[in-house]
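Breakdown of the fold
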Amino acid sequence: MTATTRIPAAEITGFKGALMKRLAKKSLGQVPSSLGVYWHNQKVLMGMAAVSSKVRKWDACDEQLKSFAHMAVAAQVGCSWCLDFNYFEAHNLDLDMDKAREVPRWRESDVFSSLEREVLAYAEAMTMTEPTVTDDMVASLRDQLGDAALVELTAVIAFANFTTRPNVALGIESDGFAAACGLRPLATPTRSSA
């Protein structure tokens, strides 16, 4: 992490805390800084974890499309923690890492299919304030993905906004998950992506 969080991390204590730290170290190799920040309100932490667990079980939409969409939201919102973590997760899920590393500069990159570009544009359009989703965007994705997958993709993008925005507001930054497992750094845009 390159800076301190806006709310200092709480000491993670008790049986539940010990269990969570153990699980985090086992699955991530370290205890994420975000855990200590969210530990201040364990109901929020557990609620967000419960939603995350449910989201991971959805299977109507391609995992790679969902991962890239989440990363696009993180890049747009500026959540370095989420971008780093989702890049790390893409590696763990054996997704296309050449594409995953290019998500922050997807408009400039030539590695994405037309469907992937539409998904990334849709994720950004949902993330804008006010959202800029159009009927044409939805119709095209609906034709290509089907209703169930599009509903799931939309919910994943909404979930990405639900997790990225609090991290940015609380000053939670990258914990270096991707670097710790030797992944090449994420690409950065060479020009403004407006």
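Look up: the structure comes first, before these words.
All figures in this text were calculated on a predicted structure; none of them were measured in a lab.

Summing up its helical and strand segments, the protein chain has ten helices and zero strands in all. Counting from the amino terminus, helix and strand elements in the protein chain follow one another as α-α-α-α-α-α-α-α-α-α. The C-alpha radius of gyration of the protein chain comes to 17 Å, within 12% of the 16 Å expected for a compact globule of 194 residues. Its C-alpha atoms give the protein chain principal-axis dimensions of roughly 50 × 35 × 30 Å. Buried residues in the protein chain amount to 43% of all 194 residues. For the protein chain, the computed accessible surface area is about 10300 Å², with 55% contributed by carbon and sulfur atoms. A gap of 9 Å separates the mean positions of the 20 positive and 23 negative side-chain charges of the protein chain.

Here we come to helix H5 (residues 80-92). For H5, built from 13 residues, the straight-helix expectation of 18 Å at 1.5 Å per residue is met to within 8% by its first-to-last C-alpha distance of 18 Å. With ten of its 13 residues buried, H5 lies for the most part within the structure. Within H5, burial applies to Trp81, Cys82, Leu83, Asp84, Phe85, Asn86, Tyr87, Phe88, Glu89 and Ala90. Phi for aspartate 94, located one or two positions after H5, is positive at around 60°.

We now examine the packing of helix H4 (residues 63-77) against helix H7 (residues 114-127). One can describe the packing of H4 onto H7 by two numbers: an axis separation of 9 Å at closest approach and a directional angle of 40°. Judged by the inter-axis angle, H4 sits oblique to H7. H4 and H7 meet at a crossing whose hand is right-handed. Every residue of H7 that contacts H4 at Gln64, Leu65, Phe68, Ala69, Ala72, Val73, Gln76 and Val77 is listed here: Leu115, Glu116, Val119, Leu120, Ala123, Glu124 and Thr127.

Moving on: the packing of helix H3 (residues 42-57) against helix H9 (residues 147-170). Where H3 meets H9, the closest approach of the two axes is 11 Å, and the angle between their N-to-C directions is 150°. In this view, H3 runs roughly antiparallel relative to H9, as classed from their interaxial angle. The two elements H3 and H9 cross, and the hand of that crossing is left-handed. Facing H3, whose interface residues are Met48, Val51, Ser52 and Val55, H9 presents Val156, Phe159, Phe162, Thr163 and Pro166. Along the lines of polarity and charge, the residues of the contact of H3 with H9 split into seven nonpolar, two polar and no charged.

Moving on: the packing of aromatic side chains. Counted according to the given criterion, the structure contains seven aromatic pairs. Arranged with centres 5.8 Å apart and planes meeting at 90°, the rings of tryptophan 81 and phenylalanine 177 form a pair that is edge-to-face. Of this pair, tryptophan 81 sits in helix H5 while phenylalanine 177 sits in helix H10 (residues 177-180), and the two are 96 residues apart along the sequence. No difference in accessibility class separates tryptophan 81 from phenylalanine 177, as the two residues are buried. Pairing phenylalanine 88 with phenylalanine 177 gives two aromatic rings, centres 5.4 Å apart and planes at 35°, and the pair type is tilted. Of the two residues, phenylalanine 88 is situated in helix H5 and phenylalanine 177 in helix H10; the sequence distance between them amounts to 89 residues. Across this residue pair, the class does not change: phenylalanine 88 and phenylalanine 177 are buried. By way of ring pairs, the aromatic residues Trp81, Phe85, Phe88 and Phe177 are connected into one cluster.

Basis of the calculations
Residues numbered from 1 in each chain as written. Predicted model: local features only at pLDDT ≥ 70, side-chain atom pairs only at ≥ 80, totals over all residues. Heavy atoms only, no water. Helix = DSSP H or I, 4+ residues; strand = E, 2+ residues; numbered from the N terminus. Rg over C-alpha atoms; globule rule 2.2 N^0.38 Å. Buried < 20%, exposed > 50% of the residue type's maximum accessible area, 1.4 Å probe, protein only. Areas by Shrake-Rupley, 256 points an atom, 1.4 Å probe, with all protein chains shown as cover. Lys, Arg positive; Asp, Glu negative; His and termini not counted. Charge placed at Lys NZ, Arg CZ, Asp CG, Glu CD. Expected span 1.5 Å × (residues − 1). Axes fitted to C-alpha atoms, helices over the stretch in contact; angles between N-to-C directions. Parallel < 35°, antiparallel > 145°, perpendicular 65-115°, else oblique. Left-handed = near helix turned anticlockwise from the far one by under 90°. Contact = heavy atoms within 4.5 Å. Nonpolar A, V, L, I, M, F, W, Y, C, P; charged D, E, K, R; others polar. Phe/Tyr/Trp six-rings, centres within 6.5 Å; stacked < 30°, edge-to-face > 60°.

Remember that the coordinates give geometry; whether it matters functionally is a separate question.
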